[in-house]
Amino acid sequence: MYLLINNERLIGGQGASQLLHLSLLLLGSLMVASAGNFHQDFDITWGDGRANILNNGQLLTLSLDKASGSGFQSKNEYLFGKIDMQLKLVPGNSAGTVTAYYLKSPGSTWDEIDFEFLGNLSGDPYTLHTNVFTNGKGDKEQQFHFWFDPTADFHTYSILWNPQRIVFSVDGTPIREFKNSESIGVAFPKNQPMRIYSSLWNADDWATRGGLVKTDWTHAPFTASYRNFNADACVWSNGKSSCASSSPSSPSSSSAWFSQELDSTSQERLKWVQKNYMIYNYCADAKRFPQGLPAECRTS
């Protein structure tokens, strides 16, 4: 399959890069989040029977056919946390399909933290699309390819969200860090509780090669699978957080994630992924921002 080992990239990085690549694959095979129960943690919100919770709440599947996609959302709202979910993406010819997995607050000035998985023709790589919205404004896209086949098995996709940063990770390997840059006037999502959402839907007007490749409905139904949800997070309920204080010194919010930052090993992994597998970075798109790159891009 594609991108299991991309020889050109790895040889270019010589032996150390090869070793790091293999260690990341091994780490991915060892990552197992503690399993939540989908009956307890989530509500199926749309799809008319195309979303199903199976295996006594341990597995959830979303399906898409020509008539409709499907989706679910968390029962809880969260204000900061570390969210893990294992996904196995639509296999084969998934062109035109999008599997979205994200945090989002309600309203017209919403906050949002996005993973979106853009399908492709058989043998061509998925695109992992990430974005961050604050007060309804996004435009902070970064996109990646994978260093493995995300359809062959389950892999863990994580969002670390604390007052200092948002870190997107795959199998424990950070792929993106969005730091709190409020000191230079960049908005950061920290005031609006968010639910977890996921959906599988048809987006063949834009998802694959800008809409040039359409969904092949002869392959329907398309199915994505979920398991091992875990939220180490502050639950927001009735206007209050389950973490008594926003201070990291508070006993109830002293979990490591609340003040976590990337150590040197994680920073090296982040650089490796971004060097070898990042395919779009808004911070490098000068044509898109003729008046100058966003402020957070100029400081990072």
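Nothing here was measured: the structure is a model prediction, and the numbers come from that model.

Student: Can you lay out the overall build of the protein for me, pointing to particular residues and giving the numbers?
Tutor: In terms of regular secondary structure, the protein is built from five helices and 16 strands. Looking at the 300 residues of the protein, the share that counts as buried comes to 51%. Sequence separation of 24 or more characterises 66% of the internal contacts of the protein that already satisfy a separation of 6 or more. Surface summary for the protein: the accessible area is close to 13700 Å², and the carbon and sulfur share equals 49%.

Student: Outline the sheet that holds strand E7 (residues 112-118), listing residues and values.
Tutor: The eight strands are arranged E1-E4-E13-E6-E7-E8-E9-E16 in an open sheet whose pairing can be described as antiparallel. Two strands lie at the open edges of the sheet, namely strand E1 (42-46) and strand E16 (278-281), each paired on one side alone. Neighbouring strand axes in the sheet, compared pairwise and without regard to direction, differ in orientation by 15° on average. Here E7 pairs with strand E8 (residues 127-133) via seven bridges, running antiparallel. Each residue of the ladder has a partner; that of Glu112, found in E8, is Phe133.

Student: Talk me through the pairing of E7; I want residue IDs and the actual numbers.
Tutor: With seven of seven residues buried, E7 lies mostly within the body of the structure. Neither face of E7 is left uncovered, since the one carrying Glu112, Asp114, Glu116 and Leu118 and the one carrying Ile113, Phe115 and Phe117 both have all their residues buried.

Student: Which residues make up the side chain of Thr61, and what values go with them?
Tutor: Residue position: Thr61 is located in strand E3 (residues 59-64). For Thr61, a relative accessible area of 11% corresponds to the buried category. Excluding residues that lie within four positions of it along the chain, Thr61 makes contacts with Arg50, Ala51, Asn52, Leu54, Thr223, Ala224 and Ser225.

Student: Residues and numbers for unusual backbone geometry, please.
Tutor: Backbone geometry follows two general trends: most residues other than glycine have a negative phi, and most peptide bonds adopt the trans configuration. Each neighbour pair has its own omega, and for Ala220 with Pro221 the value is 0°, a cis peptide bond. Structurally, the position occupied by Pro221 is in the loop between strand E13 (195-202) and strand E14 (222-237). Non-glycine residue Asn56 carries a positive phi angle of around 55°. Positionally, Asn56 belongs in the loop between strand E2 (51-54) and E3. You will see that Asn135, though not glycine, has its phi angle at about 55°, which is positive. Locating Asn135 in the fold gives a position in the loop between E8 and strand E9 (142-144).

Student: Run through the state of the cysteines, naming residues and quoting values.
Tutor: Under the defined criterion, the tally for this structure stands at two disulfides. At a sulfur-sulfur separation of 1.9 Å, the disulfide partner of Cys283 is Cys297. The chirality of the disulfide connecting Cys283 with Cys297 is left-handed, given an S-S dihedral of about -70°. Placement of Cys283 in the loop between E16 and helix H5 (295-299) and of Cys297 in helix H5 is noted, with a sequence separation of 14 residues between them. In terms of burial, Cys283 and Cys297 fall into one category: buried.

Student: Lay out helix H4 (residues 264-277) with the relevant residues and their values.
Tutor: Counting along an α-helix, one turn takes 3.6 residues, and residues three or four places apart therefore face a common direction. In this model, H4 (14 residues) spans 20 Å end to end at C-alpha, consistent with the 20 Å of a helix rising 1.5 Å per residue. Every buried residue of H4 is listed here: Ser266, Arg269, Leu270, Trp272, Val273, Asn276 and Tyr277. Projected onto a plane normal to the axis of H4, the buried residues spread over an arc of 160° and lie on a single side. Projecting away from the buried face of H4 at angles above 90 degrees are the exposed residues Ser264, Lys271 and Lys275.

Student: I'd like to hear about the nonpolar core, residue by residue, with values.
Tutor: Core analysis: the largest hydrophobic core is formed by 60 residues, its most contacted members being Phe117 and Trp161. Once you skip the residues sitting within four places of it in the chain, Phe117 turns out to touch Leu87, Leu89, Thr97, Val98, Thr99, Tyr101, Tyr126, Thr127, Leu128, Phe146 and Tyr157.

Definitions and limits used
Residues numbered from 1 in each chain as written. Predicted model: local features only at pLDDT ≥ 70, side-chain atom pairs only at ≥ 80, totals over all residues. Heavy atoms only, no water. Helix = DSSP H or I, 4+ residues; strand = E, 2+ residues; numbered from the N terminus. Buried < 20%, exposed > 50% of the residue type's maximum accessible area, 1.4 Å probe, protein only. Contact = heavy atoms within 4.5 Å. Areas by Shrake-Rupley, 256 points an atom, 1.4 Å probe, with all protein chains shown as cover. Pairing = 2+ DSSP bridges. Axes fitted to C-alpha atoms, helices over the stretch in contact; angles between N-to-C directions. Disulfide = S-S within 2.5 Å. Expected span 1.5 Å × (residues − 1). Arc of directions from axis to C-beta. Core = buried A, V, L, I, M, F, W, Y, C linked by side-chain atoms within 4.5 Å.

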